[in-house]
Amino acid sequence: MKRLLIFCSAILMSCTSTTAQKSSDMQKHGELLVSESQGGMDKTGFKVIKNEQEFRTAIKGNNFTIVEAGKEPDVHYPEFPKDKKVILYHLGSFRSGDHRITQIKSISVLNNVLYVEVPFQESGGMEIQMMSSPWFMFAVPADYQFTSVELKYSK
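The shown structure was predicted, so the numbers you read here are calculated from the model rather than taken from an experiment.

A. How the structure looks around the sheet that holds strand S7 (residues 148-154). Spatially, the three strands line up as an open sheet ordered S4-S5-S7, and their pairing is mixed. Edge positions in the sheet fall to strand S4 (106-110) and S7, since each of these pairs with one other strand and no more. The mean angle between the axes of side-by-side strands here comes to 25°, regardless of whether they run parallel or antiparallel. Bridge analysis of strand S5 (residues 113-119) against S7 gives seven bridges, and the strand direction is parallel. Paired with Leu114 across the bridge in S7 is Val149.

B. Summary view of the side chain of His90. Following the sequence through the fold, His90 ends up in strand S3 (residues 84-90). Overall, His90 belongs to the buried group, its relative accessible area being 9%. Reaching out from His90, the side chain makes a polar contact with the backbone nitrogen of Met41 at a distance of 3.1 Å.

C. Structural view of the pattern of salt bridges. Enumeration according to the criterion identifies four salt bridges in this entry. For Lys47, the salt bridge is made with Glu54, and the minimal N-O distance between the two is 3.2 Å. According to the relative accessible area criterion, Lys47 is partly exposed, its value standing at 43%. Salt bridges linked by common partners bring Glu52, Arg56 and Lys82 together as one network.

D. Highlighting the sheet that holds strand S1 (residues 31-36). Taken together, four strands build an open sheet; the order of strands is S1-S6-S3-S2 and the sheet is antiparallel. Of all the strands in the sheet, just S1 and strand S2 (45-49) have a single pairing partner and so form its edges. Strand-to-strand twist across the sheet, computed as the mean angle between neighbouring axes with direction ignored, equals 20°. Across seven bridges, S3 lies against strand S6 (residues 135-141) in antiparallel orientation. Within S6, the residue paired with Ile87 across the bridge is Phe138.

E. How the structure looks around unusual backbone geometry. In the Ramachandran plot, Asn111 falls in the positive-phi region, its phi being about 55° despite a non-glycine side chain. A residue is classified by how much of its surface remains accessible, and Asn111, at 70% relative accessible area, is exposed. The backbone phi angle of Asn112 is positive, close to 60°, even though this residue is not glycine. Here Asn112 lies in the loop between S4 and S5. We classify Asn112 as partly exposed; its relative accessible area is 43%.

Cut-offs used in this document
Residues numbered from 1 in each chain as written. Predicted model: local features only at pLDDT ≥ 70, side-chain atom pairs only at ≥ 80, totals over all residues. Heavy atoms only, no water. Pairing = 2+ DSSP bridges. Helix = DSSP H or I, 4+ residues; strand = E, 2+ residues; numbered from the N terminus. Axes fitted to C-alpha atoms, helices over the stretch in contact; angles between N-to-C directions. Buried < 20%, exposed > 50% of the residue type's maximum accessible area, 1.4 Å probe, protein only. Polar contact = N/O pair within 3.5 Å; in protein donor to acceptor, adjacent residues only side chain to side chain. Salt bridge = Lys/Arg side-chain N within 4 Å of Asp/Glu carboxyl O.

Honestly, that's just the spatial picture; any functional story needs more than this.
Encoded structure:
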């Protein structure tokens, strides 16, 4: 009886550790493609970019640069990752500070929500008040299935 109890405990422990390892494998780094501090929407939201044409249009449409009349802006497009999903994420509208995303620490999917962990940056204080609408594009593995995206700020 004692051996049976030890055997069942060992099986239970091995199942528990396997599950924890699978969830840590799911936390992969996302690939940050473009990040800008201006040109996004006033409301927080995301859009999945389906092809290279939509990708280039989104970058060009969200690029907030002042251009001389008659000249085309010099936009450097990153490569469109064909084996990943590309997400355009608008952070919303801010009154001051730099809210541009510079790094993606990790990504994970839980209950159809894509969690994107980004570094927390102190912002605000006695700065000049200027409205900004930051946005960024990033790529995740193609097999990720989600219906919403949520940013998690960490130190």
